[in-house]
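# Residue-level structural notes
Here's the letter readout for the chains.
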Amino acid sequence: MTRELVREILSWTDWGIFAYFVALNSSYLALLLMAGLEFARHLRRLPFAGADDMFRSPLTLPVSVIVPAYNEGPGIVAAVQAMTALRYPRYEVVVVDDGSSDDTFERLREQFDLVEVPRLVPADVPYEGDVLSVHVARADPETLTVVRKTNGGKADALNVGINLARHPLICMVDADSVLDPDALLSVAKPFGDDPLRVAACGGVVRIANGCKVLGGRVVDVRMPRQWLVRIQVVEYLRAFLMGRTGWSRLGGLVVISGAFGVFRRDLVVEVGGMDRDTIGEDAELVVRLHHHLRGQRHDYRVIFVAEPVSWSEAPSTWRVLGRQRRRWHRGIAEILRKHRGMIANPRYGRIGLIALPYYVIFELLAPFVELSALVLVPLGLWADAVDVAFAWRFVLVAYGYGLLVSLASLFIEEVSFHRYPRWGDLARGVAAAVMENFGYRQILAVWQITGALSAWRGGKGTWGTMHREGFSTPDFVSGRVP
């Protein structure tokens, strides 16, 4: 009787996991289809977007680009060069050196001929670190400001930048990002189209590894040399280009990457700036804006721009990638715990009833289900609780269906934007989508579970040291691809 009960429990558990993966991959496919519709709409409107008119208009809202930097020496000059050469009528770049122990500041001082100026940092939003000095570029003091402060974490550095920002829109950009020339025009345009309602706008982030970068510009787009990074390219296409575009069309976007996002400064100040106690401060700010604006019954929009505009360096080693993914999943767990009152709460509309429950079920819990499946399905086969036919159906649903979503993402990207011009690069992307299922996903699940458990145990999370190779390696210069 006990043996039969165990078999029955295993059978129902395995079928439950089967249903979970059907729902998970179907949700990905639904978001993908909505993203495809959004891309079609975007491409139809592109010839009439009016970027040139926006660039020439004196009414275009000025932007403060805030760049927190900690030990970003290898890539900081290329990134800031790109930001100070953007095609936008009026903007400033504020780099906040958060107590770097490398040569980040020295490289900036040498490249841009920085001079120290007396400038008081307001306290519109709270920050903890001490501001050591404020510098401007001698040749263009209105465009580039560099602040040196004691180390206080990324959120604290962003708060200092918010306090120093002089313009009504603030753009938060990672220090390892290189922006396309029209990046600000693309992401700030929704604020001009709908100035009373748009509260925040995110932009697509792509991986720069393997690309040729000259003078702060991505001049030749290529698939990375390393398979570990190629798999991340496929992930970014699903998450940024497809997933977030789909959520934006649904009106349920809750994540704007810290690598590239624009916000109304007055709203960010109103909600208290960046949360220094949450490691995923970028996504937490978006959820807090939803929480605040929904609670005040404001009519507002948080949207995502489909045009690829920002290039970022992805981790090229397992060790650095593990730190990043543990940190990301810890951030999700912290945000959902902090704003748990919004989950399944009708007061918060689509955010409370659809978006946040989705993140609980299909983002936070997905790695737990994935690893459970790797144990329970073989155990069910061994105990004769399920048959071989079920096992094959499970593999097709969990991995084959997921592969279909990844391939569809590559196809839609190729049709819509064609950023990888070589057939060889597209073939490598397809191969990376296949390889992702053999070892990578499983290791990723372990890291994600570790991150979630660390959040639930409490204690303050840290960003840790993210090793950067920079954009000026021989491979970038020569453009060599295996």
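Residues numbered from 1 in each chain as written. Predicted model: local features only at pLDDT ≥ 70, side-chain atom pairs only at ≥ 80, totals over all residues. Heavy atoms only, no water.

### Notes on the nonpolar core
- Core analysis: the biggest nonpolar cluster contains 71 residues, and Phe21, Phe263 and Phe394 have the highest contact counts within it.
- What phenylalanine 394 contacts, discounting residues up to four positions off in sequence, is Ile17, Phe18, Phe21, Ala373, Val377 and Tyr399.
- In terms of nonpolar packing, the next biggest core, distinct from the first, is built from 58 residues, Leu144, Val213, Val262 and Trp311 among them. (Core = buried A, V, L, I, M, F, W, Y, C linked by side-chain atoms within 4.5 Å. Buried < 20%, exposed > 50% of the residue type's maximum accessible area, 1.4 Å probe, protein only. Contact = heavy atoms within 4.5 Å.)

### Describing helix α9 (residues 281-295)
- Taking 1.5 Å per residue as the helical rise, α9 with its 15 residues ought to reach 21 Å, and the 20 Å between its terminal C-alpha atoms agrees with that figure.
- By the burial criterion, the buried members of α9 are Glu281, Ala283, Glu284, Leu285, Val286, Val287, Arg288, Leu289, His290 and Leu293.
- One or two positions beyond α9, positive phi appears at arginine 297, with a value near 60°. (Helix = DSSP H or I, 4+ residues; strand = E, 2+ residues; numbered from the N terminus. Expected span 1.5 Å × (residues − 1).)

### Some thoughts on the environment of proline 126
- Relative to the assigned elements, proline 126 resides in the loop between β3 (114-117) and β4 (131-137).
- Linking proline 126 and glycine 272, residues 146 residues apart in sequence, is a C-alpha distance of 7.4 Å.

### Observations regarding the pattern of salt bridges
- Overall, the coordinates contain 31 salt bridges when judged by the stated rule.
- When the shortest N-O distance is used, the salt bridge between glutamate 38 and arginine 41 registers 3.1 Å. Placement of both glutamate 38 and arginine 41 in helix α1 (residues 2-45) is noted, with a separation of 3 residues, approximately one turn of the helix.
- Note that arginine 166 is salt-bridged to glutamate 142, the shortest N-O span being 3.1 Å. Here glutamate 142 lies in the loop between β4 and β5 (144-149) and arginine 166 lies in the loop between α5 (154-164) and β6 (169-173), a separation of 24 residues in the sequence.
- A cluster of three or more residues bridged by salt bridges with shared partners is formed by Asp194, Arg197, Asp299 and Arg301. (Salt bridge = Lys/Arg side-chain N within 4 Å of Asp/Glu carboxyl O.)

### Overview of the confidence of the model for the protein
- Per-residue confidence for the protein gives a mean pLDDT of 88, with 94% of residues at or over 70.
- By mean pLDDT, helix α15 (residues 474-478) is the weakest element of the protein at 36, and helix α8 (residues 265-270) is the strongest at 97.
- Long-range and interchain partners of residues 472-482, a stretch whose pLDDT sits below 50, account for 22 contacts in this model, where long-range means more than four residues apart. (pLDDT = per-residue confidence, 0-100.)

### Points about the environment of isoleucine 354
- Looking at where isoleucine 354 falls in the secondary structure, it is placed in helix α11 (residues 349-364).
- Judged by its relative accessible area of 45%, isoleucine 354 falls in the partly exposed class.
- Put simply, isoleucine 354 and leucine 250 are 104 residues apart on the chain and 9.7 Å apart in space, counted from C-alpha to C-alpha.
- The contacts of isoleucine 354, once residues within four sequence positions are left out, are Trp247 and Gly349.

### Thoughts on a nonpolar patch on the surface
- A grouping of Leu381, Val388, Trp392 and Val395 is seen on the molecular surface, where their side chains present a nonpolar patch of about 380 Å² in accessible area.
- Here leucine 381 is to be found in helix α12 (residues 366-382). (Patch = residues over 30% accessible without salt bridge, like charges linked within 9 Å, V, L, I, M, F, W, Y side chains within 5 Å. Areas by Shrake-Rupley, 256 points an atom, 1.4 Å probe, with all protein chains shown as cover.)

### Focus on the state of the cysteines
- Counting across every chain of the model gives 0 disulfides.
- In this model cysteine 171 remains outside any disulfide bridge; the closest cysteine sulfur is found in cysteine 201, 9.7 Å from its own.
- There is no disulfide at cysteine 211, and the cysteine sulfur nearest it, in cysteine 171, is 20 Å away.
- For cysteine 211, a relative accessible area of 0% corresponds to the buried category. (Disulfide = S-S within 2.5 Å.)

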